[in-house]
Amino acid sequence: MRSGAENERVVAAINASGAQVLLVGMSMPIQEEWFVANRHRLPGVRVALMSGGYARIATGLIPRGPRWMTDHGLEWLYRFFQQPRYTWRRYWVGNPLFLMRAVAWRYFAVSPRD
């Protein structure tokens, strides 16, 4: 859906709907990249929210973690054990990389892209 005829149909359907608020539910960073590539073609959209897997969670397709885990910021760990092949890169590569970049930016004035 990120390009080609299907993408054209999706953009046309969004425009025809008159939607002013758009929820984009793809995986990261695909949803952000898709919106950046298509935002100029969505003139009626005033607000775009990247919702990731929210629809799958809201419908019960992906279960939430136990209450004690969600209350203590550990739902990511529950999701890792539920879907290790899907989430390992996000949690064990992406998060430490983000943390290193944030520390470098804060304490060493290094641009996040350096």
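The paragraphs below set out a description of the structure included in this document. All figures in this text were calculated on a predicted structure; none of them were measured in a lab.

The next point concerns the side chain of N38. Position of N38 relative to the elements: it lies in helix 2 (residues 30-38). A distance of 3.2 Å separates the side chain of N38 from the side chain of N7, its partner in a polar contact. Among the polar contacts listed, one links the side chain of N38 to the backbone oxygen of W34, at a separation of 2.9 Å. Sequence-distant contacts of N38, that is, excluding residues within four places in its chain, are made with N7 and V11.

Now for the layout of surface pockets. Volume-wise, the largest pocket comes out at about 830 Å³. Lining the largest pocket we find 22 residues, and of these M28, P29, E32, R90 and G94 sit closest to its centre. The greatest single-element share of the lining of the largest pocket, amounting to eight residues, is contributed by helix 6 (residues 84-108). Residue classes in the lining of the largest pocket are distributed as ten nonpolar, six polar and six charged.

Cut-offs used in this document
For every chain, the first residue of the written sequence is number 1, and numbering continues from 1 onward in sequence order. Totals for whole chains, interfaces and linings use all residues, but because this is a predicted model, local features are given only for residues with pLDDT of at least 70 and pairs of side-chain atoms are given and counted only at 80 or more. As a rule here, side-chain values come from all non-hydrogen atoms in the structure, and water together with hydrogens is ignored. Here a helix means four or more residues in a row that DSSP labels H or I, a strand means two or more in a row labelled E, and each is numbered from the N terminus. Contacts described as polar in this section are N or O atom pairs within 3.5 Å, which, within protein, must combine one atom able to donate a hydrogen with one able to accept it, while residues neighboring in sequence count only if both atoms come from side chains. Any pair of residues with heavy atoms lying within 4.5 Å of one another is described as a contacting pair. Detection works on a 1 Å grid of protein atoms alone, calling trapped sets that fit a 1.4 Å probe cavities and calling open sets with protein on both sides within 12 Å along at least five of seven lines pockets, with lining residues defined by an atom within 4 Å of a point. Grid points are joined across faces, edges and corners, and a volume is the space filled by probe spheres set on the points. Three classes are used: nonpolar for Ala, Val, Leu, Ile, Met, Phe, Trp, Tyr, Cys and Pro, charged for Asp, Glu, Lys and Arg, and polar for all others, with Gly counted as polar.

Any functional reading would require information that these geometric values do not contain.
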